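Chain by chain, the residues:
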Amino acid sequence: MTTGGSDELTVRIWRGRDDGCFQTYRVPARANQTVLDVVTEVQRHQEPALAYRFACRVGVCGSCAMTVNGRPRWTCRTHVRSIAQEGTLTLEPLRNLPRIKDLACDLTPFFEKWQKAGGRHLGTASREDPPQAVDPQSRARLVASAAIECINCAVCYSACDVVAWDADYLGPAALNRAWTLVNDARHGARDDTLDRAFSSGGCTSCHSQGNCTRHCPVGLSPSESIAGLKRAALFGAPKVS
Amino acid sequence: MQPLRSHESYLAFLGHRLSGLALAVFLPFHFLALGLALEGAETLDSFLVFAELPLVKVAEWGLVTLLTLHLCFGIRVLALEFTRWPLRSDPRLRWIFPGTLAAVAAGVAFYAQVV
């Protein structure tokens, strides 16, 4: 397989922390090669000290997100042939997060904002209670289910310009999580979650640019969830039963 | 423009905000013109002579176009935030091109009226 008419890929990888620089590597172009495969090939055969993060390799864990040719992507499910212009890849760590080394970032602020947005589920029943009946076809459950499959990859957080401008903004992923809980009949703090999502740095800071929805690798629409939070804050929380 | 911003929804965001800023710059001059009318016909007439200059006419044309653009993209934002979305992944993308077209049409209508 050739990419850009060559049997080799040129890969520019950010090395170091904030004051680092790009280093260029050449790796064989292979059939059905993912961006994560390329990074792993560089790390195993050319640059053992290269720092990056991955776990499942199949698009479930959300660990391997990086900036690839200027866009945040999940690298384990991104095929090189779909994005390598002229056989060149440029890899950087995710935007809007503190850099640790090379392609690895610190996701602490990302998860702290989940907590700040009221993203922790608060159960209202004990193990002695029967399971709560939830109609899977109810309006609220359908809305929650449509947004529930977030893998916490931080791609939307990295793509969002408002996160870059406003350090207090909770970000698309945290607000998307809050929206699922506001629509979850089993969550015991729906009003509190809505209050947090509507507070300073919450849903009202969103400018509806749509970068999050555009880049979400699992096809979720954080923009729509944030719009739902804005409506709920104005007109009241959705009915869940 | 960075690749992550090169999509319709972001361009609509830019169009809405930049046209809003242009209108904010225009408004003081608009109120100045209204204020001059209160000071008498002569003062207002001298301002209106200035408003007939070709460069000012071009600026007016830009203003009419941007005002229409701001209106259309603003209605899209209201639709995004106050109505349910027809498709999860579609932040009313189909409203962007007609909004741009309406702005161009308004600009053409203004030009036809002036010339």
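Parameters and conventions
Residues numbered from 1 in each chain as written. Chains lettered and ligands numbered in written order. Predicted model: local features only at pLDDT ≥ 70, side-chain atom pairs only at ≥ 80, totals over all residues. Heavy atoms only, no water. Helix = DSSP H or I, 4+ residues; strand = E, 2+ residues; numbered from the N terminus. Buried < 20%, exposed > 50% of the residue type's maximum accessible area, 1.4 Å probe, protein only. Areas by Shrake-Rupley, 256 points an atom, 1.4 Å probe, with all protein chains shown as cover. Pairing = 2+ DSSP bridges. Axes fitted to C-alpha atoms, helices over the stretch in contact; angles between N-to-C directions. Contact = heavy atoms within 4.5 Å. 1 Å grid on protein atoms, 1.4 Å probe; cavity = no way out; pocket = protein on both sides within 12 Å on 5 of 7 lines; lining within 4 Å. Points joined across faces, edges and corners; volume = space filled by probe spheres on them. Nonpolar A, V, L, I, M, F, W, Y, C, P; charged D, E, K, R; others polar. Domains from an automatic or database assignment. Buried area = accessible area lost by both parts, 1.4 Å probe. Salt bridge = Lys/Arg side-chain N within 4 Å of Asp/Glu carboxyl O. Polar contact = N/O pair within 3.5 Å; in protein donor to acceptor, adjacent residues only side chain to side chain.

## Brief notes about the overall build of chain B
Along the backbone of chain B there are 4 helices and 0 strands. When its C-alpha atoms are laid out on the principal axes, chain B stretches across 60 × 30 × 25 Å. Out of the 115 residues belonging to chain B, those deemed buried represent 35%. For chain B, the computed accessible surface area is about 7200 Å², with 75% contributed by carbon and sulfur atoms.

## A short note on the sheet that holds strand 5 (residues 88-92) of chain A
Residues and elements named next belong to chain A. With respect to topology, 5 strands assemble into an open sheet ordered 2-1-5-3-4, the strand pairing being mixed. Each of the sheet's edge strands pairs with one partner strand only, and the pair in question is strand 2 (21-28) and strand 4 (71-74). Across the sheet, the mean angle from the axis of one strand to that of its neighbour is 35°, orientation sign disregarded. For strand 1 (residues 8-15) and strand 5, the ladder comprises 4 bridges, and the chain directions are parallel. Bridge pairing in strand 5 places Thr10 opposite Thr88. Against the sheet, helix 1 (residues 35-45) makes contact with strand 1, strand 2, strand 3 (65-68) and strand 5, and its axis sits at roughly 100° relative to strand 2, the strand it touches most.

## Describing empty space enclosed by the protein
Empty pockets left among the atoms are what a rolling probe the size of a water molecule brings to light. Residue and element names in this part refer to chain A. This structure, assessed with the given rule, holds 4 cavities of 30 Å³ or more. Quantified by volume, the largest cavity comes out at close to 110 Å³. As for the largest cavity, its lining consists of 15 residues, of which Cys150, Cys153, Cys156, Cys216 and Leu220 are closest to the centre. Each residue belonging to the lining of the largest cavity can be placed in one class, and the counts come to 13 nonpolar, 2 polar and no charged. Lining of the second largest cavity is provided by 13 residues; of these, Cys160, Cys206, Gln209, Gly210 and Cys212 occupy positions nearest its centre. Elements supplying a minimum of two residues to the lining of the second largest cavity: helix 9 (211-215) and helix 10 (222-235). A per-class count over the lining of the second largest cavity returns 7 nonpolar, 6 polar and no charged.

## Quick notes on the domain arrangement of chain A
Residue and element names in this part refer to chain A. Domains assigned within chain A are domain 1 (8-105) and domain 2 (108-235). Computed from C-alpha coordinates alone, the two centres of domain 1 and domain 2 are separated by 29 Å. Taken together, the 15 residues of domain 1 in the interface contact 17 residues of domain 2. Here domain 1 packs against domain 2, burying approximately 1200 Å² in sum over the two surfaces, 59% of which is carbon and sulfur. Counting the contacts that link domain 1 with domain 2 gives 1 salt bridge. Notably, a salt bridge pairs Arg95 with Asp161, separated by 3.0 Å at the nearest N-O pair. Put simply, domain 1 and domain 2 have 8 residue pairs in polar contact (both at pLDDT 80 or more) between them. Of all the secondary structure elements, the ones that give two or more residues to the side of domain 1 that touches domain 2 are strand 3 and strand 4. Counting residues per element, the side of domain 1 that touches domain 2 draws most heavily on strand 4, which supplies 4 residues.

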